[in-house]
Amino acid sequence: MENPRQKVDLVGLLNSGELVKVCAPMVRFTKLPFRQLVLKYGADIAVTPMIMSDSFVRSERVRDLQFTTTTLDTPLVAQFAANNAQDFADAAELVLPYVDGVDLNCGCPQSWAMSDGYGAHLLTSPELIRDMVHQARERTHLPISIKIRVNSDLRRTYDLVRTVESAGVAYITVHGRTTKQRSSTPPDLEAIRLVKEHATVPVLANGDIYSLQDAVSVREKTGVNGVMAARGMLDNPAMFAGYETTPLECVQDFVDFSLSLGTSPSLFRHHLGYMLDSTMMGLDKRHFWSLHSTPAILEFLTDRYSITYNPTNF
Ligand SMILES: Cc1cc2nc3c(=O)[nH]c(=O)nc-3n(C[C@H](O)[C@H](O)[C@H](O)COP(=O)(O)O)c2cc1C
């Protein structure tokens, strides 16, 4: 990892009055090359994939595998899953030199997370979240944020917001679905608007934002300080720059970032498959997804899109 760098004032940015556009944390996907890409194409902040704080704290190998960054990887927020304040604060302290903020995942609905007290399970224990935010803040003086889902009884969400505000939470991302709702259910923008109305800290809206127009419209409907997008960013990492589909120059940049900074062939193919999905026909698509090596993927890109690896492109 490179040297520590100047911090970006995330809360100042969120209070600037500009629409702040954030690339969501995505397990497996929001690694260094993809973060560099979205930051180049209009995202104002990028977030790491959720990292398990306990193994991060205990294992150097996990740290090396799960958290790589450079001085250009900014503004950067590291997201952790934790079920106790000690692990969360320890993990926050370890990334302190390299990030602009640390986020606590309070939204993961997967059964393993729920049964071990991680992710959305934390929403049932606002006092625990408060202690986690408080300890991490005391130990690092970094902005500590949380990413939550709405409760069907919104009074419980307002209570949570009040509780974490008392611990000095920097901002809150609200995914407008409940823990039980799947991603096919439209997010509840009115619930996000009400949470924003009750909050004194900045709020980010999350759910079904697939374009810059969606981002502007969600802000108009909810009054939030910023928006966060996940699946839309995978399909089109340039969406926040106003592109309706992924431009080929963005694909070219992804190839250059990935191969210069390092990525696995499988992740390389997955990202490219999502970005190019709307441009590939059935047979070509099937052929693309059958490729397993980086040289084979590059050969495909050169043949179909005249894209080659250009290490001096950035
Ligand atoms: C592949 C994938 C991985 C995700 N990983 C995380 C994660 O690591 N942490 C997190 O808080 N949410 C994670 N999420 C949830 C997203 O951040 C986001 O809250 C959700 O997808 C709704 O936003 P969207 O409608 O823009 O996709 C993930 C979602 C996807 C699709």
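Residues numbered from 1 in each chain as written. Predicted model: local features only at pLDDT ≥ 70, side-chain atom pairs only at ≥ 80, totals over all residues.

## Brief notes about the pairing of strand E1 (residues 20–23)
In regular strands, side chains alternate between the two faces of the sheet. A two-sided burial pattern is seen for E1, the buried positions comprising Val20 and Val22 on one face and Lys21 and Cys23 on the other. In this structure, E1 lies alongside strand E9 (residues 226–229), joined through four bridges in parallel fashion. Across the sheet, the residue bridging to Val22 is Met228, located in E9. Sheet topology note: the E1/strand E2 (residues 45–47) ladder contains two bridges and is parallel. Looking across to E2, one finds that Cys23 is bridged to Ala46. Crossover handedness for the path E1 to helix H2 (residues 32–40) to E2: right-handed. (Buried ≥ 20, exposed ≤ 12 C-beta atoms within 10 Å, placed from the backbone. Helix = DSSP H or I, 4+ residues; strand = E, 2+ residues; numbered from the N terminus. Pairing = 2+ DSSP bridges. Right-handed = clockwise from strand over helix to strand, strands pointing away.)

## Focus on the domain arrangement of the protein
Split into domains, the protein comes out as domain 1 (10–241) and domain 2 (248–305). The C-alpha-based centres of domain 1 and domain 2 are spaced at 28 Å. Counting from both sides, the interface comprises twelve residues of domain 1 and, opposite them, twelve residues of domain 2. Those elements that provide at least two residues to the side of domain 1 that touches domain 2 are H2 and helix H11 (231–235). In terms of residue class, the side of domain 1 that touches domain 2 is made up of eight nonpolar, one polar and three charged. (Domains from an automatic or database assignment. Contact = placed C-beta atoms within 7 Å. Nonpolar A, V, L, I, M, F, W, Y, C, P; charged D, E, K, R; others polar.)

## Things to note about the site of the ligand
The full set close to the ligand counts 22 residues, and Ala24, Met26, Met50, Ala230 and Arg231 are the nearest of them. The class makeup of the residues in the shell around the ligand is eleven nonpolar, eight polar and three charged. (Near = placed C-beta within 6 Å.)

## Details of the pairing of strand E4 (residues 76–81)
Within E4, six of the six residues are buried, leaving the element largely enclosed by the surrounding structure. The side-chain alternation of E4 yields two buried faces, one formed by Leu76, Ala78 and Phe80 and the other by Val77, Gln79 and Ala81. As defined by bridge partners, E4 adjoins strand E5 (residues 101–106) across four bridges and the pair is classed as parallel. Of the residues in E5, the one forming a bridge with Val77 is Gly101.

## Examining unusual backbone geometry
Note that the residue after Thr74, namely Pro75, is joined by a cis bond; omega there is 0 degrees. Phi at Arg28 is positive, roughly 80 degrees, even though this residue is not glycine. Turning to its location among the elements, Arg28 is positioned in the loop between E1 and H2. For Arg28, a count of 13 C-beta atoms within 10 Å corresponds to the partly exposed category. In this structure, Ser306 takes a positive phi of about 55 degrees despite not being glycine. If you trace the backbone, Ser306 turns up in the segment after helix H15 (294–305).

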